Amino acid sequence: MQAAKREIYEEGGVTVTEILPLDSICSIPVEIFPKRREYGWRDDLYVVPEYAFAFPCDELVLSHEHTECVWLPYAQAGEVFHWDSNKTALYELHSRLTPF
């Protein structure tokens with residue numbers, strides 16, 4: 001949870017007090033991360049776990065790691081995601097927030 005809060009702040013400039021861990025978890029091939037050697041990751045690391053979280057947010061301040069941000073309705077957001085894991089996390093969040 002502390003790592004999630006740190007990443008939210010580092011990448012989005014948001015200090016969160018309320019955070020919702022999602023059940024969506026996946027493994028990403030380590031080759032997706034070109035700077036892994038700079039990060040000091042070990043050579044026998046083949047997949048990196050990806051955890052998903054949600055938090056209330058009205059405004060972001062992007063870090064140098066990002067060039068743009070858009071706010072989209074649920075249907076459009078799912079269309080722009082490349083990775084299935086992001087689509088699954090979005091689906092889970094939408095399902096949790098949508099009343100029956």
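Quick look at the structure, then.

Conventions adopted
- Residues numbered from 1 in each chain as written.
- Predicted model: local features only at pLDDT ≥ 70, side-chain atom pairs only at ≥ 80, totals over all residues.
- Heavy atoms only, no water.
- Helix = DSSP H or I, 4+ residues; strand = E, 2+ residues; numbered from the N terminus.
- Contact = heavy atoms within 4.5 Å.
- Core = buried A, V, L, I, M, F, W, Y, C linked by side-chain atoms within 4.5 Å.
- Buried < 20%, exposed > 50% of the residue type's maximum accessible area, 1.4 Å probe, protein only.
- Expected span 1.5 Å × (residues − 1).
- Arc of directions from axis to C-beta.
- Phe/Tyr/Trp six-rings, centres within 6.5 Å; stacked < 30°, edge-to-face > 60°.
- Patch = residues over 30% accessible without salt bridge, like charges linked within 9 Å, V, L, I, M, F, W, Y side chains within 5 Å.
- Areas by Shrake-Rupley, 256 points an atom, 1.4 Å probe, with all protein chains shown as cover.
- Salt bridge = Lys/Arg side-chain N within 4 Å of Asp/Glu carboxyl O.

## Things to note about the environment of Cys26
Next, step 1: With respect to the helices, strands and loops of the structure, Cys26 is situated in strand 1 (residues 20-29).
Next, step 2: Setting aside residues up to four positions removed in sequence, Cys26 forms contacts with Val48, Pro49, Glu50 and Ser85.

## Observations concerning the environment of Pro99
Next, step 1: Here Pro99 is to be found in the segment after helix 3 (84-97).
Next, step 2: Taking the C-alpha atoms as reference, Pro99 lies 27 Å from Leu60; in sequence the two are 39 residues apart.

## A closer look at the nonpolar core
Next, step 1: Within the largest apolar cluster, five residues are counted, these being Ala4, Ile8, Val14, Val16 and Ile19.
Next, step 2: When neighbours within four sequence positions are excluded, Val14 is seen to be in contact with Ile8, Tyr9, Phe55, Cys57, Glu59 and Leu60.

## Remarks on helix 3
Three or four residues apart is the spacing at which side chains of an α-helix point the same way, because the helix has 3.6 residues per turn.
Next, step 1: Its 14 residues give helix 3 an end-to-end C-alpha distance of 20 Å, which sits within 8% of 20 Å, the value for a rise of 1.5 Å per residue.
Next, step 2: For helix 3, the full list of buried residues reads Ser85, Ala89, Leu90 and Glu92. All buried residues of helix 3 fall inside an arc of 160° around its axis, so they share one side. In helix 3, the exposed positions angled more than 90 degrees off the buried face are occupied by Asp84 and Tyr91.
Next, step 3: If you follow the buried residues of helix 3, they end up packed against strand 1, strand 2 (47-54) and helix 2 (74-80).

## Overview of the packing of aromatic side chains
Next, step 1: Tallying each qualifying case throughout the model produces two aromatic pairs.
Next, step 2: Measuring from ring centre to ring centre gives 5.3 Å for Phe33 and Trp41, while their planes differ by 65°; the resulting arrangement is edge-to-face.
Next, step 3: Phe33 sits in the partly exposed class, given a relative accessible area of 24%.
Next, step 4: On the accessibility criterion, Trp41 (28% relative accessible area) is partly exposed.
Next, step 5: Taken together, Phe33, Tyr39 and Trp41 form an aromatic cluster joined through their ring pairs.

## Looking at a nonpolar patch on the surface
Next, step 1: Residues Met1, Ile25, Tyr51 and Phe53 make up a contiguous nonpolar surface patch of roughly 420 Å² in combined accessible area.
Next, step 2: Within the secondary structure layout, Phe53 lies in strand 2.
Next, step 3: Of the residues examined, Phe53 reaches a relative accessible area of 32% and is grouped as partly exposed.

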